[in-house]
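Structural overview for review
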Amino acid sequence: MAKKKPAKGAATASLLVELLTEELPPKSLRRLSEAFGRYLYDYLSDAGFLTSAEYQIYATPRRLAAAFPAVRHVQEDRDSFKKGPSVKVGLDKDGNPTDALIGFARAIGTKIEELEKRTDGKTEFFVRVVHVKGESIDVKLLEIISLALEHLPVSKVMRWGAGNAQFVRPIHGVVMLHGKRVIPGTVLGAPAGNTTSGHRFMGIASIHLANADEYEARLLKDGRVIADFATRKSEIDKQLQVEAERQKAHLGEYQDLLDEVTALVEFPAVYVGEFDASFLEVPHECLILTMRKNQKYFPLFESNGNLLPKFLIVSNMRVADARPIVSGNERVVRPRLEDARFFFDRDRKTRLEARVPQLAKVVFHNKLGSQLERVQRIKLLAGEIARSLGADVMQTERAAELSKADLSTAMVGEFPELQGVMGRYYALHDGEPREVADAIEQHYRPRFAGDKIPEGPIASAVALGDKLDSLAGLFSIKELPTGDKDPFGLRRAALGVVRIVAENQLPLSLKDLVDSAFGPFRGKPQTDLKMFFTERMRSYFLERGYSANEVEAVLSLNPVAIALIPKQLEAVRAFSALPEAASLAAANKRIANILRQAESKGESFVDADVSALREPAEISLFEALQTASRSAKPLFDSGDFAGYLRAFASLKSPVDSFFDAVMVMTEDKKLRENRLALLTDMRKAMNRFSDISKLAV
């Protein structure tokens, strides 16, 4: 442990650390740069060099850098202390050192009289205090950089040259400037200096920095490099918007690609490319994916969402005549689009139903069989769900049978992201009903957080069948998510089931769904999956703005009708706002504790008999409960959960009077049993869909 002492006017200057590399992985550049800056900041701060919490990170395809505006030349002096035994343990009753204290002093090489007493607010203990003189940034910086590099989120590293240095990409240069001074040292085999690199084609190759503060401005002016990731991203976004408006077009969903393209260029310029309009006969999803995924282009759309035969190119070259750049990109994209058209034309020559038997050769899981066996299970399960929903069973089973057939198509082989999407196009081409085709595409929904859910009972039934089969099958063989690892996407599947049933208001029982899903896996325990669903429901409803107490009040009773939970949560929230709610919630908690203790003592519970009750307060509560229950029952039966709970608000005064005047656990056995029965009746009556005691603070 170390205690920092205030600085005594230590000199400060800006610090710049830059690693010049070969092209860094674009999808992880932003994350790498943020981690690099954060770890440098943390270690510099821990070492006592920083006088400001501000710092700036920079990231381009060929560099990671961080700048700190106020860094001490010499770190703060500090007291380092070694904690020993507590005073109570270190001294005997006469105040003499115990063996524990003597052993501690011997272990750290000091005398007992040199130890001091300190307290942590609770316990007084012995410590050995050593004053540590601050070291210069020149001495400590290499160690700090090494620690930062060790903690970067790098999954794979490379070696280069004859040395042993390893990093995500080879290092070609290092800048370590403190003010105007170069801090000497070598990082990953590269000696530190004050020379950075400009744009590979448009800027000065080597830029000698006079001081750390001029880094960003010199790179922009002389190097033609926008070093700040966010600034560069904003510049690209602005140019994209301007060019899209000039083309009277829209960009659609493009933010994910924007981050990746920002990591590919240092001085961006946006140009317009075109392709032959005949390619628009190919499903637009194929063309869009080809342009975005393979070429990093931004497709352009009409106001109605239709794809235009144009795209935007983000180039790393800002030139007066962009025609060579544009024509080059147009030549590159054409073969890609030709491939997509070829795949589409060839795939349509074979009907989807003819592809189904081929799924026997595709392994779903070595313990759960092939995709064909899985499709057969999904077909049965989806048909059963469709019957419960009153949907067309034949169309549902047909959609389920064809749901995975597009896995054997060339287009899906090239673009796995188009599973389901291409199945829909091919089903329509084969003359399948639109409801069947739509269900084939939508049964994968929701694919990600915030994605749309399936529309209509047929698509919902197939989607539920698909997800429930995966969950039941993989749970039956103990392939469960662990920590942050979920290779089969089971959390997403369970959440998808919850969303489909809740948001589409499907009258389905979670218990029945799980029981049906486990049909082919008989003899396997279902408890784990039911608990798994409860956790997903808890997360889902918390994210929708309900409080933890409100969610727990409903989920603690293990509801099976997921579609009713939102309405029940709203009822609990409305009840919580009543002036009587806090008192009744506390009373319910008290009742639950009394009944739990009584049950543990072997008490028997009978039906409450008003003639056996004696005290006016308990008779009054009995009568008030009867009245409230008569009012509440029709409200509950009609689904008016808020009205049902509100009907019991009148019990506040009788309940308060009961607990003020009545001893429940009386010596009289018959009276005690009746009082316990009265409390049992009240708890059952008030908590038919939620446990109100969970609202007690």
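The structure presented is a predicted model; accordingly, all values stated were derived computationally and were not measured.

What counts, and where the lines are drawn
Residues numbered from 1 in each chain as written. Predicted model: local features only at pLDDT ≥ 70, side-chain atom pairs only at ≥ 80, totals over all residues. Heavy atoms only, no water. pLDDT = per-residue confidence, 0-100. Contact = heavy atoms within 4.5 Å. Helix = DSSP H or I, 4+ residues; strand = E, 2+ residues; numbered from the N terminus. Buried < 20%, exposed > 50% of the residue type's maximum accessible area, 1.4 Å probe, protein only. Pairing = 2+ DSSP bridges. Axes fitted to C-alpha atoms, helices over the stretch in contact; angles between N-to-C directions. Salt bridge = Lys/Arg side-chain N within 4 Å of Asp/Glu carboxyl O.

**Remarks on the confidence of the model for the chain**
Taken residue by residue, the chain gives an average pLDDT of 92. The fraction at 70 or more is 98%. Predicted confidence is poor over residues 1-9, with pLDDT under 50, and the contacts of this stretch with residues over four places away or in other chains come to 23 contacts.

**Some thoughts on unusual backbone geometry**
At the junction of Arg 445 and Pro 446, the peptide bond is cis and its omega measures out at -15 degrees in the coordinates. In this structure, Gln 505 is a non-glycine residue whose phi angle is positive, near 50 degrees. In this model, Asn 558 sits at a positive phi of 50 degrees, which is unusual for a non-glycine residue. By secondary structure assignment, the location of Asn 558 is in the loop between α20 (548-555) and α21 (565-576). You can call Asn 558 exposed: its relative accessible area is 56%.

**Some thoughts on the sheet that holds strand β17 (residues 298-301)**
Strand order across the open sheet formed by three strands is β16-β18-β17, with antiparallel pairing between neighbours. Either end of the sheet is taken by a strand with one partner, and the two such strands are β16 (269-274) and β17. Neighbour-to-neighbour, the strand axes of the sheet open up by a mean angle of 35 degrees, direction not taken into account. Judged from the three bridges that link them, β17 and strand β18 (residues 307-315) form a sheet pairing that is antiparallel. When the sheet's bridge partners are listed, Phe 301 is paired in β18 with Leu 307. Where helix α6 (residues 229-246) meets the sheet, its contacts fall on β16, β17 and β18, and the angle it forms with β16 comes to roughly 40 degrees. Sitting on the sheet, helix α9 (residues 323-347) is in contact with β16 and β18, with an inclination near 50 degrees to β16.

**A short note on the pattern of salt bridges**
Oppositely charged side chains can form a pair if their charged atoms are brought close together. Counted under the stated rule, the structure contains 50 salt bridges. Lys 140 is the partner of Glu 135 in a salt bridge, and the nearest nitrogen-oxygen pair spans 3.9 Å. The class for Lys 140 is buried, based on a relative accessible area of 15%. Taking the shortest distance from any N to any O, the salt bridge between Glu 338 and Arg 334 comes out at 3.5 Å. Taken as a pair, Glu 338 and Arg 334 lie in helix α9 at a separation of four residues, close to a single helical turn. One continuous salt-bridge network, built from bridges that share partners, spans Arg 351, Glu 353, Lys 379, Arg 398, Glu 401 and Glu 432.

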